[in-house]
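# Summary of structural features
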Amino acid sequence: MAEKLVECTWKRHISEQLKLRDRVQRQAFEEIVHQYNRLLEKSDLQAVLSERYQAEKYDVQRGHEASPVDASRSTALQQEMAQMRIKHQEELTELHKKRGELAQSVIELNNQIQQKDKEIQNNEAKMLEYQQQITGLEGDCRELRSCLQDLERANQTLKDEYDALQITFSALEEKLRKTTEDNQELVSRWMAEKAQEANRLNAENEKDSRRRQAKLQKELADAAKEPLPIDPDDDIEVLAEDGGKGGGETSPNRPLSRTPSKKISQQPPGGLLDSISNIFGMSECVQHGLVHPHSRRRTANSLSTSPENTETPSGGCAEVRVPSTALHSFEAHSGEVNAARFSPGSRLLATGGTDRRVKLWEVIAGRCEAKGALTGSNAGITSIEFDSAGSYLLAASNDFASRIWTVDDSRLRHTLTGHSGKVLSARFLLDNARIVSGSYDRTLKLWDLRSKVCMKTVFAGSSCNDIVCTEQCVMSGHFDKKVRFWDIRAESIVRELELMGRVTSLDLNHDRTELLSCSRDDLIKIIDLRTNAVRQTFSAQGFKCGTDWTRVTFSPDGCYVAGGSADGALYIWNVLTGKVDRTLDRNHNSAINSVSWSPSGAYVVSVDKGGRAILWSDM
């Protein structure tokens, strides 16, 4: 049916086109046809007149022959006929001329008609082709309509499923909210119980301490009543006390003195010696006569003997432990963790991340227990530093400021603003009264904590990623691959050292004679500060520096180097051999941002982009 309709349509179209052409061309040829018809009429009239004149000529001739009288009349008539003949001949010539012209016009018009016919044929062929295309497109359109209907049905099905899932999601969201509220309530109750338990333990410790003090006073009173004869030749160790420090610490300027003797006539009771040993917290080193000038003794109420409760600075008798085991893995922050640092006594660990908090963790028996959080920053934390006494904590932040908190009460003490870019590193100077900060704005600033003002501003020329300090020199690592050495007094660069990649981290060894650097060319280097030259370079297959602020560290004795890789592996290098000592690669799931070695040498902590922190040791 459709094909018949299409056939009738194109036939009707052709008929209309032919009628239109007939009307157009007839108007053009109408004058020519009219002149041609007139020519034919005149030609027929001429023929009739010629025949009539011929007949009259014959009649005149016969009449002239019959009647000579009419000769003059016949002559006049012949002249008139000759004139008419000439006139008609001229008209005939003119008509023949017009006929030729009209014939030429007819030929030209026929040629034009043939051209138009050819164009019509071409147009008809194109029309057939277009008709076929239209038929194909109509078929495609029908298929697309069918597909559209299928898609509409599928869309409606998906919409119904989405509505159902939305209802389910709303129910689950409500359930999650209730679960979160229940969890918060349980956490609050658990924290309250932990606080009660801590108060109870503190009370018990206080009672135990009082009992020990009472027992000690009683033993000292009993010992004072008993005479102790002393022979001049006895060998007795005299422990000198510094009156200005009190009885809790030994004076670094008074060594242990000995008096020669041959025998001991009488010894004091064992309980008394034990009590005295507990009071002064004498370690095995002290009992063998090995007392470091800067070592501290544990107080009388110290109950634990784990490494985190002993403060052993570099150069002491504590042994550095190369980590091999993950003691405690925990979620330190809700976002990326950028910095980690142990306190000088190794009992506290501080971590800072993009959640704008500095969290404090107490290291107890190989685990990190949350102690508190330091708030006040308006952006992510980039670096952390304790002062030499462990009483204050300094943190740099992405909100263009550095802040100082007191560790005991977690109170914000100072906020140092003045940089025009995020502060990437901040460090205490050795006097703990001044700090140096380096920023993305390519400047270093020296701050006086007494007056809380910026004393000096130095333009470094490149973004500063990390800082370390000695007594009068500040070393800064920069984005332009250079390590710069600054004289604090002169505010000028003493020297520069260019590395092969952007500097991400700096660290000093225990005697401040060697500088450890990490750069984006995946190389860790030790720079000898006495010769201002690279003394050693560390690398490993698979080690890759993950960020522009990846921190590496020396061990407290300077014999090892620890650094974290972008694949989550922790690498330990031996400085003496220059080779990788250990690779710990099974705990982190994201790039390690920072590594810190405890001053006691017992622990190493590593933090990553996923918010996880891991405490390592060899236990």
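Since we're looking at a predicted model, the values are computed, not measured. (Residues numbered from 1 in each chain as written. Predicted model: local features only at pLDDT ≥ 70, side-chain atom pairs only at ≥ 80, totals over all residues. Heavy atoms only, no water.)

For the rest of this paragraph, the subject is the side chain of Asp355. Here Asp355 lies in the loop between strand S5 (348-353) and strand S6 (358-364). No salt bridge is formed by the buried Asp355, whose closest oppositely charged neighbour, Lys359, lies at an N-O distance of 4.5 Å. Polar side-chain contacts of Asp355 include one of 2.9 Å to the side chain of His333. Dropping the residues within four chain positions of it, Asp355 is found in contact with His333 and Ser334. (Helix = DSSP H or I, 4+ residues; strand = E, 2+ residues; numbered from the N terminus. Buried < 20%, exposed > 50% of the residue type's maximum accessible area, 1.4 Å probe, protein only. Lys, Arg positive; Asp, Glu negative; His and termini not counted. Salt bridge = Lys/Arg side-chain N within 4 Å of Asp/Glu carboxyl O. Polar contact = N/O pair within 3.5 Å; in protein donor to acceptor, adjacent residues only side chain to side chain. Contact = heavy atoms within 4.5 Å.)

Note that S6 and strand S7 (residues 367-374) share 7 bridges and pair antiparallel. Directly across from Trp361, in S7, lies its bridge partner Ala370. Where S6 folds back onto S7 in an antiparallel hairpin, the turn is made up of 2 residues, including Ala365, whose phi is positive at roughly 50°. (Pairing = 2+ DSSP bridges.)

Moving on, we come to the side chain of Ser397. Secondary-structure assignment places Ser397 in strand S9 (residues 392-397). A distance of 3.3 Å separates a polar side-chain atom of Ser397 from the backbone oxygen of Gly380. Contact partners of Ser397, with chain neighbours within four places excluded, come to Ser377, Ala379, Gly380, Ile381, Thr382, Arg403, Lys422 and Val423.

Ordered in space as S24-S25-S26-S27, the 4 strands form an open sheet in which the pairing is antiparallel. The sheet is open, and its two edges are formed by strand S24 (553-554) and strand S27 (580-584), each paired on a single side. Inspection of the sheet shows strand S25 (residues 560-564) paired to strand S26 (residues 570-574) by 5 bridges, in the antiparallel sense. Looking across to S26, one finds that Val561 is bridged to Trp573.

Glancing now at the UniProt feature "repeat: WD" (unreviewed entry) in the chain. In the numbering used here, UniProt assigns the feature "repeat: WD" (unreviewed entry) to residues 330-371, 374-415, 416-457, 552-583 and 585-619. For residues 552-583, the end-to-end C-alpha separation is 14 Å, with 0% helix and 50% strand making up the annotated structure. Secondary structure within residues 585-619 divides into 0% helix and 49% strand; the distance between the first and last C-alpha atoms comes to 18 Å. (UniProt positions renumbered as here; feature names shortened; annotations may be inferred.)

On to empty space enclosed by the protein. Applying the stated criterion across every chain yields a total of 1 cavity of 30 Å³ or more. One number sums up the size of the largest cavity: a volume of about 140 Å³. Contributing to the lining of the largest cavity are 13 residues, with Leu446, Val458, Val474, Trp486 and Ile488 lying nearest its centre. Mapped onto the lining of the largest cavity, the elements with two or more residues apiece are strand S14 (443-448), strand S15 (453-459) and strand S18 (482-487). Here the lining of the largest cavity is built from residues that sort into 7 nonpolar, 2 polar and 4 charged. (1 Å grid on protein atoms, 1.4 Å probe; cavity = no way out; pocket = protein on both sides within 12 Å on 5 of 7 lines; lining within 4 Å. Points joined across faces, edges and corners; volume = space filled by probe spheres on them. Nonpolar A, V, L, I, M, F, W, Y, C, P; charged D, E, K, R; others polar.)

What follows deals with the environment of Arg321. Of note, Arg321 is situated in the loop between helix H4 (284-287) and strand S3 (325-331). Under the relative-accessibility criterion, Arg321 is labelled partly exposed at 25%. Separated by 282 residues in the primary sequence, Arg321 and Tyr603 place their C-alpha atoms 7.2 Å from one another.

For the rest of this paragraph, the subject is the packing of aromatic side chains. Here the structure, examined in full by the defined rule, presents 6 aromatic pairs. On the numbers, 5.3 Å between centres and 90° between planes, the contact of Phe543 with Trp573 is edge-to-face. One end of the pair, Phe543, is in the loop between strand S23 (533-538) and S24; the other, Trp573, is in strand S26, and 30 residues separate them in sequence. The residues Phe543 and Trp573 share a single accessibility class, namely buried. Ring pairing ties together the aromatic residues Phe538, Phe543, Tyr571 and Trp573, which thus form one cluster. Geometry around Tyr440 places Lys422 over its ring, the cationic atom sitting 5.4 Å from the centre. (Phe/Tyr/Trp six-rings, centres within 6.5 Å; stacked < 30°, edge-to-face > 60°. Lys NZ or Arg CZ within 6 Å of the ring centre and 35° of its normal.)

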